[in-house]
Amino acid sequence: MNALADRLRPLTVHRLFWPVLVLVVMILANAVHRPGFLAIEVKNGHLYGSLVDILRLSAPLMLVALGMTLVIATGGIDLSVGSLCAIAGAIACLHISTAPDQNSPSTVLTAVALAFGAALVLGAWNGVLVAVIGIQPIIATLILMVAGRGLAQLITEGQIITINSGPYRAIGLGHFLTLPLAIFTALAAALLIAALTRRTALGLIIESVGGNAEASRLAGIRSGRVIFLVYVVSAACAAIAGFMMTANVSSADGNAAGLWVELDAILAVVIGGTSLAGGRFSLGGTVLGALIIQTLTTSVYAMNISPQTALLFKAVVVIAVCLIQSPAFRARFRRRRGATTPGPAAARREKEQVPA
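Residues numbered from 1 in each chain as written. Predicted model: local features only at pLDDT ≥ 70, side-chain atom pairs only at ≥ 80, totals over all residues. Heavy atoms only, no water.

A. Quick look at the overall build of the protein. Helix and strand content of the protein: 16 helices and 6 strands. A total of 356 residues make up the protein; the buried ones form 43% of that total. Counting contacts in the protein only where the partners sit at least 6 residues apart, residues at least 24 apart contribute 75% of the total. Within the structure as shown, the protein displays about 18400 Å² of accessible surface, and the carbon and sulfur contribution to it stands at 67%. (Helix = DSSP H or I, 4+ residues; strand = E, 2+ residues; numbered from the N terminus. Buried < 20%, exposed > 50% of the residue type's maximum accessible area, 1.4 Å probe, protein only. Contact = heavy atoms within 4.5 Å. Areas by Shrake-Rupley, 256 points an atom, 1.4 Å probe, with all protein chains shown as cover.)

And the structure:
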């Protein structure tokens, strides 16, 4: 038993071990609760099933969480991503709804370009407030979180804008190589960010800024530019996620689109092993964290848990996941278990002290 534990120890210390284990346990629990959970079938040349749905529905959260990871790695936070999702979706749907031909590819491309550009401007606004003016990130992004939600409702005039555009609907519900297109979009974004941060010096620069921005500046790194960049990237990821959210329902609701997605994104980053204090980050862990949250949401719906208790149930599970992957908590648990369970030598000594 000890030999097996010694062999597994290098695996358990890997930062992705516990998120993977939690995801596998949740999938197995769903498979036991619903025998058809793992079933995948082909209809009209497309793959369908619960696992495919989890991947598709987690794509917007995955995108937002990837951008959030870079922001948190610099020691910041971005609370405005939900509002940016709503703004991007509202601008795109508004432009499409006023077009004479909503199915025109040029109309959809123009709508997406306008919305994406607006999101980049707002992301730059966050970057200026944090990197140039020096406002605390939580305050700077809280401003856009509140004002941005109001701006989204101004764009939609407080109404739900509905559209009937096949090309735009494909952003969220389209298929490519039998799988939902949203999965490939999120995968492409993850690979692009991973290539820029792990195949170049950018990742080390971001981690150094998050570890100590002043020391990085003294070492010659322009930390202000790095911080500005990550907020722009976060806004870009949120805009693409907003396109997916509105395309899924063919409508834009300035009040509900992207609501509280910033909290789920932060949870996904934390579950993935990235510290909120900044420094080292894990893109793979963030992807796993997004999958865990979406699997948990799917499980809540499948178990018919009432909406009143669903959020509490999710909170309890997330806390348990964070505790399980916490090295300090596991070390304390092992010490306490070792104190209550005597080893072979201690048990032998106790036996010798007992009179016959």
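B. View of the packing of aromatic side chains. Within the structure shown, the criterion is met by 1 aromatic pair. Ring plane angle 85° and centroid distance 5.3 Å describe the contact between phenylalanine 176 and phenylalanine 184, whose orientation is recorded as edge-to-face. According to the relative accessible area criterion, phenylalanine 176 is partly exposed, its value standing at 43%. (Phe/Tyr/Trp six-rings, centres within 6.5 Å; stacked < 30°, edge-to-face > 60°.)

C. Main features of unusual backbone geometry. Positive phi outside glycine occurs at leucine 177, with the angle close to 55°. Tracing the sequence through the fold places leucine 177 in the loop between strand 4 (175-176) and strand 5 (179-180). Positioned with a positive phi, threonine 178 is a non-glycine residue whose angle comes to about 70°. Within the secondary structure, threonine 178 is located in the loop between strand 4 and strand 5.

D. Representation of the nonpolar core. Val64, Met68 and Tyr168 are the most contacted members of the largest nonpolar core, which has 64 residues in total. At 11 residues, the largest contribution of residues to this core is made by helix 4 (residues 81-98). Beyond its immediate sequence surroundings of up to four residues, methionine 68 is in contact with Ile77, Asp78, Val81, Ser234, Glu262, Ala265, Ile266 and Val269. Formed by 18 residues, the second largest nonpolar core is a distinct cluster that contains Ala140, Ala190, Ile227 and Val230. (Core = buried A, V, L, I, M, F, W, Y, C linked by side-chain atoms within 4.5 Å.)

E. Examining the pairing of strand 2 (residues 46-49) more closely. The sheet contact formed by strand 1 (residues 40-43) and strand 2 spans 4 bridges and is antiparallel. Counterpart to glutamate 41 in the pairing with strand 2 is tyrosine 48. Count of turn residues in the strand 1/strand 2 antiparallel hairpin: 2 residues, of which asparagine 44 carries a positive phi of about 55°. (Pairing = 2+ DSSP bridges.)

F. Expanded view of the side chain of serine 250. Relative to the elements of secondary structure, serine 250 occurs in the loop between helix 11 (223-249) and strand 6 (251-253). A relative accessible area of 15% places serine 250 in the buried class.

G. Layout of the packing of helix 9 (residues 202-211) against helix 11. Contact geometry for helix 9 and helix 11: axes closest at 10 Å, N-to-C directions at 105°. Considering their axes alone, helix 9 and helix 11 lie roughly perpendicular with respect to each other. Here Leu202, Ile205, Ile206 and Val209 of helix 9 lie close against helix 11, whose contacting residues are Ser223, Val226, Ile227, Leu229 and Val230. Residue classes in the contact of helix 9 with helix 11 are distributed as 8 nonpolar, 1 polar and no charged. (Axes fitted to C-alpha atoms, helices over the stretch in contact; angles between N-to-C directions. Parallel < 35°, antiparallel > 145°, perpendicular 65-115°, else oblique. Nonpolar A, V, L, I, M, F, W, Y, C, P; charged D, E, K, R; others polar.)

H. Summary view of the confidence of the model for the protein. On average, residues of the protein score 86 in pLDDT, and 89% of them reach the 70 mark or higher. Under a pLDDT of 50 for its full length, residues 349-356 has, in the predicted model, 1 contact with residues more than four places off or in other chains. (pLDDT = per-residue confidence, 0-100.)

I. Representation of helix 8 (residues 181-198). For helix 8, built from 18 residues, the straight-helix expectation of 26 Å at 1.5 Å per residue is met to within 8% by its first-to-last C-alpha distance of 25 Å. Turning to helix 8, its buried residues number three or more, namely Ala182, Ile183, Ala186, Ala189, Ala190, Ile193 and Thr197. The buried residues of helix 8 occupy an angular sector of 135° when the element is viewed end-on, so they sit on one face. For helix 8, exposure combined with an orientation more than 90 degrees from the buried face picks out Leu191 and Leu192. Elements in contact with the buried residues of helix 8: helix 3 (50-73), helix 7 (166-173), strand 5, helix 9, helix 11 and helix 13 (283-302). (Expected span 1.5 Å × (residues − 1). Arc of directions from axis to C-beta.)

J. Spatial organisation of the environment of leucine 94. Take leucine 94: it is sitting in helix 4. Separated by 17 residues in the primary sequence, leucine 94 and alanine 111 have C-alpha atoms spaced 8.2 Å apart. The residues contacting leucine 94, other than those within four sequence positions of it, are Ile155 and Ile161.

K. Quick peek at the environment of cysteine 237. Mapped onto the elements, cysteine 237 comes out in helix 11. C-alpha separation for the pair cysteine 237 and alanine 65, spaced 172 residues apart in sequence, amounts to 8.4 Å. Cysteine 237 has contacts with Leu63, Gly67 and Ile193, leaving out every residue within four places of it along the chain.

L. Representation of the pattern of salt bridges within the structure. Enumeration over the complete set of coordinates arrives at 2 salt bridges. Measuring nitrogen to oxygen at the nearest pair gives 3.5 Å for the salt bridge that ties glutamate 41 to lysine 43. Close ionic contact of arginine 198 with glutamate 207 constitutes a salt bridge, the shortest N to O distance being 3.3 Å. On the basis of relative accessibility, which here comes to 41%, the residue arginine 198 falls in the partly exposed class. (Salt bridge = Lys/Arg side-chain N within 4 Å of Asp/Glu carboxyl O.)

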